Amino acid sequence: MTFPRIRTSPLFARGLIILLMVVTLLPFLSMLSAALAPSGTYPSGLEWPADPQWGNFAKAWQVANMDELLLSSILIVLGTVPAAVLFATMAGFGLAKLTTPRSAWFYLVFVIGLTLPFEAVITPLYFEIREIGLLNTRGAIILPLIGLYMPFSVFWMRAHFMSIPNDLSEASQLDGARRWQEFWMVQVPLARPAIMSLGILLFLWTWNQFLLPVVLVQEPNRRTMAGALGAFQGQWGTDIPLLCAGSLIILAPTVILFLIFQRQFVAALLQGAVKG
Amino acid sequence: MTHLENATAGAPKAPAPRPAATRRARRRRRDAVMFIGPAFLIYAAFVIVPLGMSVYYSLLRWDGIGPISGATFYGLKNYIEVLTDDDLLQIIGNAFQLAAWFTIPPVVLGLAVASAIRSQMAGRFGTATRTILFLPQVIPLVAAGIAWSWMYDRNGVVNQFLSLIGLESWTRGWLGDFTYALPAVGIIGAWVLLGLCTMLLVTGIARIDGSLYEAAKLDGARPRHEFRFVTLPGLKNEIGICVTVTIIQALSSFDIVYVATAGGPGIETTVPGLEIYRLAFAHRQVGLASALAIVLMILVLACVLPIQWALRERKQ
């Protein structure tokens, strides 16, 4: 069914899209122009400085301890994302293939967490983490995040495994060890696209996580990049060129990754919205 | 297949199951526990238990410093305060105003773009569009907040632009203004969500059968009729998804407000998320903070569930 589509008014459409793109880019450009003004001055919104101070980036890198921040964010991502993906893949498989209709309610227990705002549990999490003795460590961010990601991740992986025909996993009546083997050798390789998308989404959410680091970790150097930006703003908020330079550095890693893996990111974000 | 077999095997009407079948069912149950267990345990430990504690705290009057055994039981008084205190009601109202700002501009602009191009964006221009419009989705919300506080600054782009077109009298420090701070924060959220909504709607409209538009044209439909009778019904799912995402983002917003205005001026831009944080950790009113948290959770559900149900019905 391919009817030739009548394009209403390509010029209008293109103009509108270009306008939206300009609006989207404007805040970034404005930050860049401010970041290049002499540190400590009060620059003007969008104005290419006569003498661009690229050194501001080096200075912001240094005062914010960017090496440590990067390392900390990477450690938090490494602690969170693989574990969350693994647990969710297993649980998604279990819920899609191993439960009987009678135990389907179990899946609902996960689903009710889908719309839960993190703020709804942040207060008790603080006391719980304090009790465990993890306050002010990266574990205080990693462990709760894995838990908080479960509703979406399990939902996501279960949806994938539901779409896989049953006879594949039950050609022979598998048990115990063999089921485990089949999961790793057959199911996981087949699920790679779903796992990749989930990994991308969880990476973004972890890297950009702000509430948990702010509440649970005082030390900026043990936070995520986004969490550290809050502290950076508190300290350097009055020095607009430096603040803008620091913010640009902090948002650079995800933007660079996004530009490289543009197709995968867009697909993941769109699917993520549809399924979430 | 075996799902059903096992289900019926366990049902009373079926003939007594053979021992092998029961053993298999038991084994399957054990495997299910093994596969689901880890996810469930960590989910229980860091979501279900804290949620239960939230409910428990919400019934107490506790400063969070002394032992919880020293807290006094407070009944539903915290909830009554959440639902009657003027400031707290304003804060909840702020969240709903933000929801309107987070939702309406992205959906309206997204619909405009989608119905104007009415096809998948292809080629290099399409890729560039997608990439740029998705940038705000990729950066931390905190960075969006900082970028926009600079846009709204006295010296920022917004005022620069107003001066440029001769509206100097309109310039102001937007985020410090009692009237305009909340809309200004709302526009930050709209900016973040614009690309996602636009791309969802563009993808959706490309899926609408082109013959519907042909038929409408043959029936002499005008563009606005086309929009009303072909585009809107065809995009109901996508619009529902956009609205769900934007409402959740608005009601549970924290990051943007925290860095852009810290809730000010006064409490003009304070949202429940920020107030929970403040009540619990600055004002030491853990009970009240928890009651607000539970109310927030219920409000999100009350907004999202009807949309989801409506979508589901339409699918059947």
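All of these numbers come straight from a predicted model, not from anything done at the bench. (Residues numbered from 1 in each chain as written. Chains lettered and ligands numbered in written order. Predicted model: local features only at pLDDT ≥ 70, side-chain atom pairs only at ≥ 80, totals over all residues.)

Which residues make up the overall build of chain A, and what values go with them?
Secondary structure summary: chain A contains 12 helices and 0 strands in total. Listed N to C, the secondary structure of chain A is α-α-α-α-α-α-α-α-α-α-α-α in terms of helices and strands. Expressed as a percentage of its 276 residues, the buried residues of chain A come to 49%. Summarising the internal contacts of chain A: among those between residues at least 6 apart in sequence, 74% fall at separations of at least 24. (Helix = DSSP H or I, 4+ residues; strand = E, 2+ residues; numbered from the N terminus. Buried ≥ 20, exposed ≤ 12 C-beta atoms within 10 Å, placed from the backbone. Contact = placed C-beta atoms within 7 Å.)

A description of the overall build of chain B should follow, citing residues and the corresponding values.
Assigned secondary structure in chain B consists of 14 helices and 2 strands. Here the C-alpha atoms of chain B give a radius of gyration of 26 Å, more than 25% beyond the 20 Å that 2.2 N^0.38 yields for 316 residues. Considering only contacts in chain B between residues 6 or more positions apart, those separated by 24 or more positions represent 71%. (Rg over C-alpha atoms; globule rule 2.2 N^0.38 Å.)

How would you sum up the domain arrangement of chain B? Please name residues and give values.
Segmenting chain B into domains produces domain 1 (2–57) and domain 2 (87–315). Relative to domain 2 of chain B, the C-alpha centre of domain 1 of chain B lies at a distance of 40 Å. (Domains from an automatic or database assignment.)

Talk me through the packing of helix H2 (residues 55–63) of chain A against helix H11 (residues 240–260) of chain A; I want residue IDs and the actual numbers.
Residues and elements named next belong to chain A. Running from N to C, H2 and H11 cross one another at 75 degrees; their axes reach a closest spacing of 8 Å. For the element pair H2 / H11, the angle class is roughly perpendicular. Across from Asn 56, Phe 57, Lys 59, Ala 60 and Trp 61 in H2, the residues of H11 making contact are Pro 241, Leu 242, Ala 245, Gly 246 and Ile 249. Classifying every residue of the contact of H2 with H11 gives 7 nonpolar, 2 polar and 1 charged. (Axes fitted to C-alpha atoms, helices over the stretch in contact; angles between N-to-C directions. Parallel < 35°, antiparallel > 145°, perpendicular 65-115°, else oblique. Nonpolar A, V, L, I, M, F, W, Y, C, P; charged D, E, K, R; others polar.)

Go over helix H8 (residues 192–207) of chain A, please, and point to the residues and values.
The end-to-end C-alpha distance of H8(A), which contains 16 residues, comes to 22 Å, matching closely the 22 Å that a straight helix rising 1.5 Å per residue would cover. Those residues of H8(A) lying buried are A:Ala194, A:Ile195, A:Ser197, A:Leu198, A:Ile200, A:Leu201, A:Leu202, A:Leu204, A:Thr206 and A:Trp207. (Expected span 1.5 Å × (residues − 1).)

Tell me about the interface of chain B and chain A, and name the residues and values.
Interface size is often expressed as the accessible area that is lost when the parts come together. Counting residues at the interface gives 94 residues for chain B and 91 residues for chain A. For the side of chain B that touches chain A, the leading source of residues is helix H2 (residues 19–57) of chain B, giving 20 residues. Taken together, the residues of the side of chain B that touches chain A sort by class into 66 nonpolar, 19 polar and 9 charged.

Provide a residue-level description of the UniProt feature "transmembrane region" (unreviewed entry) in chain A, including the pertinent values.
Residue and element names in this part refer to chain A. Feature annotation in UniProt assigns "transmembrane region" (unreviewed entry) to the following positions: residues 12–37, 69–93, 105–127, 139–157, 188–207 and 240–261. Its end C-alpha atoms 30 Å apart, residues 105–127 is made of 70% helix and 0% strand. Helix makes up 95% of residues 240–261 and strand 0%. Its end C-alpha atoms lie 31 Å apart. (UniProt positions renumbered as here; feature names shortened; annotations may be inferred.)

Please give an account of the nonpolar core that cites residues and values.
Membership of the largest hydrophobic core comes to 182 residues, with the highest contact counts inside it found for A:Ala88, A:Ala91, B:Ala39 and B:Leu292. Sort the elements by how many residues they give to this core and helix H8 (residues 181–207) of chain B lands first, with 18 residues. Counting only domains with at least three residues in this core, you end up with domain 1 (2–57) and domain 2 (87–315) of chain B. (Core = buried A, V, L, I, M, F, W, Y, C linked by C-beta atoms within 7 Å.)

So, helix H4 (residues 86–117) of chain B: which residues are in play, and what are the values?
With 32 residues, H4(B) should cover 46 Å at 1.5 Å per step; its first-to-last C-alpha distance of 47 Å lies within 8% of that length. Downstream of H4(B) by one or two residues, B:Arg118 has phi in the positive range, about 45 degrees.

Provide a residue-level description of the packing of helix H5 (residues 119–132) of chain A against helix H13 (residues 272–281) of chain B, including the pertinent values.
Closest axis-to-axis distance for the H5(A)/H13(B) pair is 9 Å, and the angle between their directions is 20 degrees. Judged by the inter-axis angle, H5(A) sits roughly parallel to H13(B). The chirality of how H5(A) crosses H13(B) is right-handed. Facing A:Glu119, A:Ile122 and A:Thr123 of H5(A), the residues of H13(B) in contact are B:Pro272, B:Gly273, B:Ile276, B:Tyr277 and B:Ala280. Of the residues that constitute the contact of H5(A) with H13(B), the class distribution is 5 nonpolar, 2 polar and 1 charged. (Left-handed = near helix turned anticlockwise from the far one by under 90°.)

Account for the confidence of the model for chain B, naming residues and giving values.
Residue and element names in this part refer to chain B. Residues with a pLDDT of 70 or more make up 92% of chain B, whose mean pLDDT is 86. The least confident element of chain B, judged by mean pLDDT, is helix H1 (residues 2–10) at 40; the most confident is H13 at 94. The model gives residues 1–14 a pLDDT under 50, and that stretch makes 15 contacts with residues more than four places away or in other chains. Confidence estimates for the predicted assembly give a pTM of 0.88 and an ipTM of 0.88. (pLDDT = per-residue confidence, 0-100.)

Tell me about unusual backbone geometry, residues and numbers included.
A cis geometry characterises the amide bond from B:Gly264 onward to B:Pro265, with omega recorded as -5 degrees. Here B:Pro265 is to be found in the loop between helix H12 (255–260) and H13. A positive phi angle, near 60 degrees, is found at A:Asn65, a position not held by glycine. Secondary-structure assignment places A:Asn65 in the loop between H2 and helix H3 (66–98). Taking the number of C-beta atoms within 10 Å as the measure of exposure, A:Asn65 has 15 and is therefore partly exposed. The backbone phi angle of A:Asn136 is positive, close to 70 degrees, even though this residue is not glycine. Structurally, A:Asn136 is set in the loop between H5 and helix H6 (139–162). The exposure class of A:Asn136 is partly exposed, given the 14 C-beta atoms found within 10 Å.

Tell me about the environment of B:Val157, and name the residues and values.
Residue placement: B:Val157 occurs in helix H7 (residues 157–164). Note on B:Val157: 24 C-beta atoms within 10 Å, which makes it buried. In the structure, B:Val157 is positioned 103 residues away from B:Ala260 in sequence and 16 Å away in space, judged by C-alpha atoms. Non-local contacts of B:Val157, meaning those with residues more than four positions away in its chain, are made with A:Leu26, A:Ser30, A:Gly45, A:Leu46 and B:Met151.

Describe the environment of B:Ala289, with residues and values.
Its location among the elements puts B:Ala289 in helix H14 (residues 286–315). Owing to 29 C-beta atoms within 10 Å, B:Ala289 belongs among the buried residues under this scheme. Distance in space between the C-alpha atoms of B:Ala289 and B:Pro272 is 9.2 Å, their sequence separation being 17 residues. Leave out the neighbours within four places in its chain, and B:Ala289 touches A:Thr123, B:Ile276, B:Leu279 and B:Ala280.

Describe the environment of A:Met162, and please don't skip the residues or the numbers.
All names here are of chain A. Counting through the fold element by element, Met 162 comes out in helix H6. Judged by the 12 C-beta atoms lying within 10 Å of it, Met 162 falls in the exposed class. C-alpha separation for the pair Met 162 and Thr 24, spaced 138 residues apart in sequence, amounts to 38 Å.

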